[in-house]
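# Geometric and topological summary
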Amino acid sequence: MQKIKNVIYSILAIVFLVLFFVFATPILKGIINVGIVIPAIISIVIAVYSLLSLKHPISNIPNDNEITEEMLSQREEAKHFIQNRPAKLRSTVLFGAKKEKLEEFNNNYEYYNVPGLIFSKKTRKKLDKIFFTFVALLLIVATITSYILFFGYDRFDINTSSNSNKTVLVLGCKVNGNIPSRTLKNRLNASIEVLNANPTMKCIVSGGKGKNENITEAYAMQQYLIDKGIAQDRIFLEENSFSTKENIQNSYEIANKNNLPNEFIIVTDAYHQHRANRYAKENNVKAVGYPAHTEWYLLAPYTARESLGLIYESIFGSK
């Protein structure tokens, strides 16, 4: 049984360490929000617990009736050692430990090899039960929400005919000064694919002026499309939106005002499609999705963020 557990711990440690660094990548790039930070914290906690469980397996901890006087004495010495050197306990997971501290830790390793030093076998078994239950629930929820996000909407087939009765709606994203971000460029490139395949189709670009943006996202998007060969008279601007809901609502008004087909082909990232199409449905707007390419280092973090949002809205409702 312990061997099976060790294999599971090893797999979890590797997977969640990789996930932690994937989640940390956007943070290093200055993209910080709750939907990214929470999965990063969860990942590192699972990875650390798995590594510590491999280092200190339950099988090495004696039952209460098996603890000898010598073990109790060793435990007291170890506790005294830790209390006088609190930084050493952190060095067991190699965080914040200076070189000389690690050397001292290695020289006194016997203090950290006392069975049941921190938790009794009974307590460790309870912790393991909680840990595995949490991981199982996490994997189930992640699988279900990911399936809903990526497959829970009607997808537009670019190869179908008679598409002139639809309007392309490109949802805005960050603009760096006057230049569309990589994510926004990917959305615009996807919309160009649809527009080039359907020469009579019109397009609405939607997005207001956010923080650190010199112009509205819609205007930046319009200029990008024109530079890529899309005629200006095919592009309509919606510059007052600051959320996905507003994108849908305001763009619907633009479509009606300009006699455009009010059935949308929503172009955004795949992880964002379900929410965008759901908001359209809530506003009685017919819509299908055409997902844009998402950078690899953003896919997992933003999918996690959308999953948290999906769970939140399922419980508390959408704003």
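To be clear, the structure that these remarks concern was listed above.
What counts as what
- Residues numbered from 1 in each chain as written.
- Predicted model: local features only at pLDDT ≥ 70, side-chain atom pairs only at ≥ 80, totals over all residues.
- Heavy atoms only, no water.
- Helix = DSSP H or I, 4+ residues; strand = E, 2+ residues; numbered from the N terminus.
- Contact = heavy atoms within 4.5 Å.
- Buried < 20%, exposed > 50% of the residue type's maximum accessible area, 1.4 Å probe, protein only.
- Pairing = 2+ DSSP bridges.
- Polar contact = N/O pair within 3.5 Å; in protein donor to acceptor, adjacent residues only side chain to side chain.
- Axes fitted to C-alpha atoms, helices over the stretch in contact; angles between N-to-C directions.

## Some points on the environment of phenylalanine 131
Among the structural elements, phenylalanine 131 can be located in helix H6 (residues 121–151). Separated by 82 residues in the primary sequence, phenylalanine 131 and tyrosine 49 have C-alpha atoms spaced 8.6 Å apart. Those residues in contact with phenylalanine 131, other than ones at most four positions away along the chain, are Tyr9, Leu12, Ile46, Tyr49 and Ser50.

## Focus on the environment of isoleucine 311
Its place among the elements puts isoleucine 311 in helix H11 (residues 296–316). Judged by its relative accessible area of 31%, isoleucine 311 falls in the partly exposed class. With 170 residues separating them in the primary sequence, isoleucine 311 and valine 141 have C-alpha atoms 9.1 Å apart. When residues no more than four places from it in sequence are discounted, the contact partners of isoleucine 311 are Val141 and Thr145.

## A look at the pairing of strand S5 (residues 235–238)
A regular strand carries its side chains on alternate faces of the sheet. Both strand S4 (residues 203–206) and S5 contribute to a ladder of 4 bridges, which runs parallel. In the sheet register, serine 206 faces S5, and the bridge partner there is glutamate 238.

## Some details on the side chain of asparagine 186
One can find asparagine 186 in helix H7 (residues 182–197). There is a polar contact of 3.0 Å between the side chain of asparagine 186 and the side chain of glutamate 295. Once residues within four sequence positions are removed from consideration, asparagine 186 is found in contact with Ala292, His293 and Glu295.

## Considering the sheet that holds strand S6 (residues 264–269)
With respect to topology, 5 strands assemble into an open sheet ordered S5-S4-S1-S6-S7, the strand pairing being parallel. At either end of the open sheet lies a strand with only one pairing partner, and these are S5 and strand S7 (287–292). Each strand axis lies, on average, 25 degrees off the axis of its neighbour in the sheet, ignoring direction. Direction of pairing for strand S1 (residues 167–171) relative to S6: parallel, over a ladder of 4 bridges. Residue valine 168 lies in a different strand from S6, and its bridge partner there is isoleucine 265. Of the strands in this sheet, S1, S4, S6 and S7 are in contact with H7, which crosses S1 at around 170 degrees.

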